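Geometric and topological summary
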Amino acid sequence: MLDTVAQNAQSLPLSHLCQKITFIGGGNMAEALITGLLAKGFLSDLLAVIEPDSQKREHFAKQGITAVDANELTAVTAKISDSDVVILAIKPQVVVEVLTPIRQAFAQQLVISILAGVPLQCLQVLLGDNVRLVRAMPNTPAMIQQGATGVFANVSETDKSLVTALLSASGLVLWVGDEALLHAVTAVSGSAPAYFFYVFEQIISTGEKLGLSYEQAKQLAIQTALGSSMMARQSDDEPSLLRQKVTSPNGTTHSAICVFDEQKLGNIIEQAMQACVARSIELGKGLA
């Protein structure tokens, strides 16, 4: 079951929060979440990033964010110990390698993991029983505060409120009632921006073959996707009905939809999403 959490960023204004937040990993998703937090008024001096890349550390430092060299274990351990919230934003394949040497730094922090496929049970073993664990699956539109994040945890309502407030800075937050559903969230939203970008590529390429310039085809495709998304969000009609309304019998759109049906596009999409789920599950195997 997927529910929108009632508590939202309005109930916990980010400018009033004083939790010290440390990101382990300073990649794209970490930067997306940090950008959202800063845009919503969260204080930069409450943020820290642990990152091995010196250029990335410099980038964060210029924003007033504490940047710690991941190779300096003493500094890393001290920063984590001093944190209220730790957000794991590393690659899932290196989670054991990264967390094992710094395990002693974790006491009673709230730990939010955005690692694809890594189960909470694995993290509990790595970090100890005292940490409060949350698992989240965001997506890259969080970089422009238009993300969608699925979340699961067995934590207090106070912690849920805090997590929702922090992640809502970058877009929509939905909680799921079963951790296994995060594999589905990965397929539906976590990986899905790439699906739409792939479709853009194909539409733009075909538009060029039909005589449009690349820029013309690109602008038309992206604006049409934006408009369609906004219609789907704002309309009381379901997406299937919106499609039917634009598909006149024997019209141009009908001809295109017929090709989709003949080529079983729906089956292709389902197979792709199932493959995404399978890979998500595979990433967690051997870690639980």
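Residues numbered from 1 in each chain as written. Predicted model: local features only at pLDDT ≥ 70, side-chain atom pairs only at ≥ 80, totals over all residues. Heavy atoms only, no water.

With that out of the way, let us pick up the nonpolar core. Nonpolar side chains tend to gather and get buried jointly when the protein is soluble and globular. Formed by 36 residues in total, the largest nonpolar core has its most connected members in F23, F42, V134 and L166. Per-element tally for this core: the top contributor is helix α1 (residues 28-39), with 6 residues. Excluding residues that lie within four positions of it along the chain, L166 makes contacts with L14, L17, I21, L37, F42, V85 and I112. V68, I90, C122 and V176 belong to the second largest nonpolar core, which has 28 residues in total. (Core = buried A, V, L, I, M, F, W, Y, C linked by side-chain atoms within 4.5 Å. Buried < 20%, exposed > 50% of the residue type's maximum accessible area, 1.4 Å probe, protein only. Helix = DSSP H or I, 4+ residues; strand = E, 2+ residues; numbered from the N terminus. Contact = heavy atoms within 4.5 Å.)

Burial of strand β5 (residues 85-88) is two-sided: the residues V85 and I87 facing one way and the residues V86 and L88 facing the other way are all buried. As paired strands, strand β2 (residues 21-24) and β5 are joined by 4 bridges and run parallel to one another. Counted as the bridge partner of T22 is V86 from β5. For β5 and strand β6 (residues 110-113), the ladder comprises 4 bridges, and the chain directions are parallel. Counted as the bridge partner of L88 is S113 from β6. (Pairing = 2+ DSSP bridges.)

Per the counting criterion, the structure on display carries 1 cavity of 30 Å³ or more. Empty space within the largest cavity amounts to approximately 40 Å³. Along the walls of the largest cavity sit F23, L33, L37, I87, L166 and L167, which together make up its complete lining. At the level of secondary structure, the elements contributing two or more residues to the lining of the largest cavity comprise α1 and α6 (157-168). Here the residues of the lining of the largest cavity are counted per class, giving 6 nonpolar, no polar and no charged. (1 Å grid on protein atoms, 1.4 Å probe; cavity = no way out; pocket = protein on both sides within 12 Å on 5 of 7 lines; lining within 4 Å. Points joined across faces, edges and corners; volume = space filled by probe spheres on them. Nonpolar A, V, L, I, M, F, W, Y, C, P; charged D, E, K, R; others polar.)

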